[in-house]
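Residue-level listing of the chains:
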Amino acid sequence: MKINVLFSPATADELYFTGKTTVVIDVLRATTTIVTALQNGAKEIVPVATVEFAVKISGGMFGGQTLLGGERNTKKIEGFALGNSPLEYTEEVVSGKAIVLYTTNGTKAIAKAKFSETLVTCSFANISSVASFLSGLNKDVEIVCAGRSNNFSMEDSVCAGKLISEISKLNEELYLSDSAKASVALNKSFGKNILKMLEESEHGNILLDNGFEEDLKYCSKLNSSSAIPYFTGNVLKLYTDNKNSSQTGKEN
Ligand code: MLT
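My aim in this report is to walk through the structure given alongside it, one point at a time.

Scoring rules and cut-offs
- Residues numbered from 1 in each chain as written.
- Predicted model: local features only at pLDDT ≥ 70, side-chain atom pairs only at ≥ 80, totals over all residues.
- Heavy atoms only, no water.
- Near = heavy atom within 4 Å.
- Polar contact = N/O pair within 3.5 Å; in protein donor to acceptor, adjacent residues only side chain to side chain.
- Areas by Shrake-Rupley, 256 points an atom, 1.4 Å probe, with all protein chains shown as cover.
- Salt bridge = Lys/Arg side-chain N within 4 Å of Asp/Glu carboxyl O.
- Helix = DSSP H or I, 4+ residues; strand = E, 2+ residues; numbered from the N terminus.
- Buried < 20%, exposed > 50% of the residue type's maximum accessible area, 1.4 Å probe, protein only.
- Phe/Tyr/Trp six-rings, centres within 6.5 Å; stacked < 30°, edge-to-face > 60°.
- Lys NZ or Arg CZ within 6 Å of the ring centre and 35° of its normal.

As for the site of the ligand
Working step 1: In the vicinity of the ligand, the residues found are Asp26, Leu28, Arg29, Ala30, Glu71, Asn84, Thr103, Thr104, Asn105, Gly106, His203 and Leu207.
Working step 2: Within the side chain of Thr103, a nitrogen or oxygen atom sits 2.6 Å from an oxygen atom of the ligand.
Working step 3: Between the ligand and Thr104, the relevant distance is 3.5 Å, taken from an oxygen atom to a main-chain nitrogen or oxygen of the residue.
Working step 4: Compared with its free state, where it exposes 270 Å², the ligand has 99% of that area covered by protein.

Considerations on the pattern of salt bridges
Working step 1: On inspection of all chains with the given rule, the structure shows eight salt bridges.
Working step 2: Here Lys196 makes a salt bridge to Glu200, at a shortest N to O gap of 3.4 Å. Of the two residues, Lys196 and Glu200 are both situated in helix α8 (residues 194-200); the distance of four residues between them amounts to about one turn of the helix.
Working step 3: Residue classification places Glu200 among the exposed positions, given a relative accessible area of 54%.
Working step 4: Notably, a salt bridge pairs Lys217 with Glu214, separated by 3.2 Å at the nearest N-O pair. Placement of both Lys217 and Glu214 in helix α10 (residues 213-219) is noted, with a separation of three residues, approximately one turn of the helix.

Some thoughts on the packing of aromatic side chains
Here the distance between the centres and the angle between the planes together describe a pair of aromatic rings.
Working step 1: Per the stated rule, a full pass over the model turns up five aromatic pairs.
Working step 2: A ring pair is formed by Phe133 and Tyr239, whose centres lie 4.7 Å apart and whose planes are at 70°; its orientation type is edge-to-face. Of this pair, Phe133 sits in helix α5 (residues 127-137) while Tyr239 sits in the segment after β11 (235-238), and the two are 106 residues apart along the sequence.
Working step 3: A relative accessible area of 9% means that Phe133 is categorised as buried.
Working step 4: Three or more aromatic residues link up through ring pairs in this structure, and these residues are Phe133, Tyr230 and Tyr239.
Working step 5: The ring of Tyr16 has Lys20 sitting right over it, with the charged end atom 3.9 Å from the ring centre.
Working step 6: Lying over the aromatic face of Phe212, Arg29 brings its terminal NZ or CZ to 4.4 Å of the ring centre.

Scope: geometric values only; no functional claims are made or implied.
Right under this line is the structure:
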């Protein structure tokens, strides 16, 4: 099983992902928000790459059952029901709802990887579940760090390293690319105190300046969820391992 890490989605085009097993990470905050929303009963998340497309498709979706969520410069977009704070995505708010989500980096990275054969999202919240899912697949993996404005971000890279370390506990035959080895080293250096690492990161500082201190605490929690957001039919749903179903192993 070979693991490669892209420190930014900019280093690949959409076709690069064709047929691949891909994990997208945007710890602050898109993939933490996504796993929280699905864990709290959201029916599905529709990740989109532009605000215009979010507005367009939400208009055609079932009124009342669809919420628009997302951010620009960390703040809720005018006219949207929700921002991008995972703390907003409570069971009361999202249960049974489809959520069309636009974020500056995270949902764009997911949309870019849409031709993957298997596409899941990861954050510190669900590392352990994603690691056992990938280890079970036993296929080569591309980890895409959403990063910041097509640049490297510490939090996504440390999370990638921690995910690889978890997979290595389950699968001894790993071949790591140079970027994967670098992620593991970053996790060793910066991953012991996740909250401190987030507080000292560039994006963490921007979130702190905008009053999202509680979000950093929430996003730093390790393995608070067993949910795996799984991309199917252009939406993210909760992965369920339907071993006994005729449609084995895909989504619910
Ligand atoms: C992003 O996609 O860039 C982030 O999720 C931004 C944010 O912190 O809201």
